[in-house]
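Structural characterization, general
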Amino acid sequence: MKNVLDDPRITAIGLLYEVHAGLTARFAAQFDEHDVSAVEFEVLTRLARSPNNQLRMTDLAAQTSLSTSGVTRVVDRMERDGLLTRRACPSDRRSSYAVVTAAGLQRLDEVLPGHLRIIEEWFTGQLDPAALDAMLDGLRRVRDAVHPCATAGSNAENEPVEEQSTLSRG
């Protein structure tokens, strides 16, 4: 009789949790060096990768693990720190945009080199190009199933817009 705990589904999710925990710990130390939290980094990155470096607040909430009130609190704090600003939505008075400021883009410029080194050393660099492509395809399919709003407000095909941002692909 087969042990249910030997099920490859248990192994797959266990490995995913272990990888996430290991990378999160490495990222946290690096974020601390730049006085930015993981959530603030995610918000800055998502905004900088969006058209015109902005997203509607509701789309930002949909793309992150934050509630709309959680996004409001984070944006309030980041606006006080000069990293973001709010802009009224011209077509809907009830909506507003969170927009990365020059100071926010500068903070990303400071954090990204170390962040990319960690990603390369501990994640993407562990895989050959074919394995990385296959993993990215699989992760997108799973992400789209479990978090269908993850790209709300983004441009077509989930590709970042290459404007003003240092996050463009090379």
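Structure: above.
All values derive from a computational prediction rather than experimental measurement.

**Considering a nonpolar patch on the surface**
Taken together, Ile13, Leu16 and Tyr17 make up a surface patch of nonpolar side chains, about 330 Å² in accessible area. Along the chain, Ile13 turns up in helix H1 (residues 8-33).

**Here's the deal with the nonpolar core**
By size, the foremost hydrophobic cluster in this structure holds 26 residues, and its most contacted members are Leu47, Leu60 and Leu84. Counting residues per element, the ones that place at least two in this core are H1, helix H2 (38-48), helix H3 (57-63), helix H4 (68-80), strand E3 (96-100) and helix H5 (102-122). With residues near it in sequence (within four places) discarded, Leu60 still touches Val43, Arg46, Leu47, Leu55, Val71, Val75 and Ala98.

**Focus on the pattern of salt bridges**
One pass over the full model with this rule turns up ten salt bridges. The shortest N-O distance in the salt bridge between Asp7 and Arg9 comes to 2.5 Å. Classification of Asp7 as buried rests on a relative accessible area of 13%. In this structure, Arg94 and Asp92 form a salt bridge, with 3.1 Å as the shortest nitrogen-oxygen distance. Using a relative accessible area of 76% as the deciding quantity, one classes Arg94 as exposed. Residue Asp92 is classed as buried on the basis of its relative accessible area of 19%. Because the salt bridges share partners, they merge into one network encompassing Asp76, Glu79 and Arg86.

**Re the packing of aromatic side chains**
Tallying each qualifying case throughout the model produces two aromatic pairs. Aromatic pair Phe27 and Phe31: ring centres 6.2 Å apart, planes at 25°, arrangement stacked. In this pair, Phe27 and Phe31 are both assigned in helix H1, four residues apart and thus about one turn of the helix distant. Among the residues examined, Phe27 registers a relative accessible area of 17% and is labelled buried. With a relative accessible area of 5%, Phe31 lands in the buried category. An aromatic cluster of at least three residues, connected via ring pairs, comprises Phe27, Phe31 and Phe41. Sitting above the plane of the Trp122 ring, Arg26 keeps its charged end 3.8 Å from the centroid.

Analysis parameters
Note that residues are indexed from 1 along each chain, following the sequence as it is written. Totals for whole chains, interfaces and linings use every residue, but because this is a predicted model, local features are given only for residues with pLDDT of at least 70 and side-chain atom pairs only at 80 or more, for both listing and counting. Processing note: side-chain calculations cover all non-hydrogen atoms of the structure and skip hydrogens and water entirely. Like charges within 9 Å and nonpolar side chains (Val, Leu, Ile, Met, Phe, Trp, Tyr) within 5 Å are joined into patches, using only residues over 30% in relative accessible area that form no salt bridge. The Shrake-Rupley method, run with a 1.4 Å probe, gives the accessible areas here. Residue values count only the displayed protein chains as cover. Note on definitions: salt bridges are taken to be side-chain nitrogens of Lys or Arg within 4 Å of carboxyl oxygens of Asp or Glu. Numbering goes from the N terminus for both helices and strands, where a helix is a DSSP run of H or I of at least four residues and a strand is a run of E of at least two. We define a nonpolar core as any set of buried Ala, Val, Leu, Ile, Met, Phe, Trp, Tyr and Cys residues linked to one another through side-chain atoms lying within 4.5 Å. Exposure is judged per residue with a 1.4 Å probe applied to protein chains only, and the accessible area is read against the type maximum: over 50% gives exposed, under 20% gives buried, and values in between give partly exposed. Whether two residues are in contact is decided by their heavy atoms, any of which lying within 4.5 Å being enough. Pairing of aromatic rings covers Phe, Tyr and Trp, the last counted by its six-membered ring, and requires centre-to-centre distances within 6.5 Å; plane angles under 30 degrees mean stacked, over 60 mean edge-to-face, and any other angle means tilted. A positively charged side chain is recorded as over a ring if its NZ (Lys) or CZ (Arg) lies within 6 Å of the ring centre. The angle to the ring normal must also be within 35 degrees.

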